[in-house]
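So you can see what is in the structure, the chains are spelled out below.
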Amino acid sequence: SKPIVAIVGRPNVGKSTLFNILAGENISIVKDTPGVTRDRIYADVEWLGKNFTMIDTGGIEPDSSDIILSQMREQAQIAIDTADVIIFMTDVRQGLVDADARVADMLRRAKKPVILVVNKVDSFQKFMADTYEFYNLGIGDPIPISASSKLGIGDMLDEVIRHF
Ligand code: GDP
Ligand code: MG
């Protein structure tokens, strides 16, 4: 069967936006209804002749950092248990936060391939320097993308399929 790629990251980093671009249609709901837990959503994706199944691990939109962290841990565990490659998405506008570091620790221990993506780099000129702090997560080179402007997506996918 096809390799599975899961997207993990804090609420609002842009996971569903990326998922929807790759899925080619709006299968996933970008703005989850507050307080509603959503199921994982699947899409078939093809890049350079390689096919894989993508999972968007949605979830509630919590306003407490405790809940954010526990939800991220749950997402990360789902990804660790089911995915062949994990896309860990962060947000250059919010910068590196503690919850990112905690989840990075979990992913590192799982020894699955992790692609570290820094989203919302809408202008490489303006925001590229801000992506370097994500090296501190210790899970590899940060790949800058802008899901909404569709920048860097090809480079990210090249990196994903390298692990199949
Ligand atoms: P999720 O909670 O991680 O699934 O995030 P969403 O995909 O729902 O996106 C959260 C918000 O970030 C939405 O308002 C998106 O339009 C916005 N967003 C997503 N990608 C980008 C991006 O590349 N640049 C900017 N500026 N905003 C983005
Ligand atoms: Mg989402």
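Residues numbered from 1 in each chain as written. Chains lettered and ligands numbered in written order. Predicted model: local features only at pLDDT ≥ 70, side-chain atom pairs only at ≥ 80, totals over all residues.

Participant: Explain the site of ligand 1 here, please?
Facilitator: Taken together, 17 residues lie around ligand 1, and G14, K15, S16, T17 and S148 are the ones closest in. When residues in the shell around ligand 1 are grouped by element, the largest group, 3 residues, is from helix 1 (residues 15-23). Its residues placed into classes, the shell around ligand 1 shows 4 nonpolar, 9 polar and 4 charged. (Near = placed C-beta within 6 Å. Helix = DSSP H or I, 4+ residues; strand = E, 2+ residues; numbered from the N terminus. Nonpolar A, V, L, I, M, F, W, Y, C, P; charged D, E, K, R; others polar.)

Participant: How do you make sense of the pairing of strand 3 (residues 50-56) when you look at a structure like this?
Facilitator: Side-chain direction in a regular strand flips from residue to residue, so the side chains alternate between the two faces of the sheet. Note: strand 1 (residues 4-9) against strand 3, 4 bridges, orientation parallel. Looking at the pairing, I4 lines up with T53 of strand 3. Relative to strand 3, strand 2 (residues 41-47) runs antiparallel, the two being bridged by 7 bridges. Counterpart to I41 in the pairing with strand 3 is D56. Here strand 2 folds back onto strand 3 in antiparallel fashion, the turn holding 2 residues, of which L48 has a positive phi close to 50 degrees. (Pairing = 2+ DSSP bridges.)

Participant: Sorry if this is basic, but what is going on with the sheet that holds strand 1 here?
Facilitator: Neighbouring strands of a sheet are bound in pairs by backbone hydrogen bonds; such pairs are parallel or else antiparallel. Spatially, the 6 strands line up as an open sheet ordered 2-3-1-4-5-6, and their pairing is mixed. Strands with a single pairing partner mark the edges of an open sheet, and in this sheet they are strand 2 and strand 6 (143-144). Contacts from helix 1 reach strand 1, strand 2, strand 3 and strand 4 (85-91) within the one sheet, and its direction differs from that of strand 3 by about 150 degrees. The strands that helix 2 (residues 65-82) touches are strand 1 and strand 4; relative to strand 1, the one it contacts most, it runs at about 165 degrees. (Contact = placed C-beta atoms within 7 Å. Axes fitted to C-alpha atoms, helices over the stretch in contact; angles between N-to-C directions.)

Participant: Just checking my understanding: could you explain the packing of helix 2 against helix 3 (residues 98-110) for this structure?
Facilitator: Any two packed helices are characterised by how steeply their axes cross, that is the angle between the axes, and by the distance between the axes. Their axes nearest at 10 Å, the elements helix 2 and helix 3 cross at an angle of 20 degrees. It follows that helix 2 is roughly parallel to helix 3 by the angle criterion. Between helix 2 and helix 3 lies a crossing of right-handed hand. When helix 2 is examined against helix 3, the residues S65, I68, L69, M72, R73, A76 and I80 are found in contact with a partner set consisting of A99, R102, V103, M106, L107 and A110. Here the residues of the contact of helix 2 with helix 3 are counted per class, giving 10 nonpolar, 1 polar and 2 charged. (Parallel < 35°, antiparallel > 145°, perpendicular 65-115°, else oblique. Left-handed = near helix turned anticlockwise from the far one by under 90°.)

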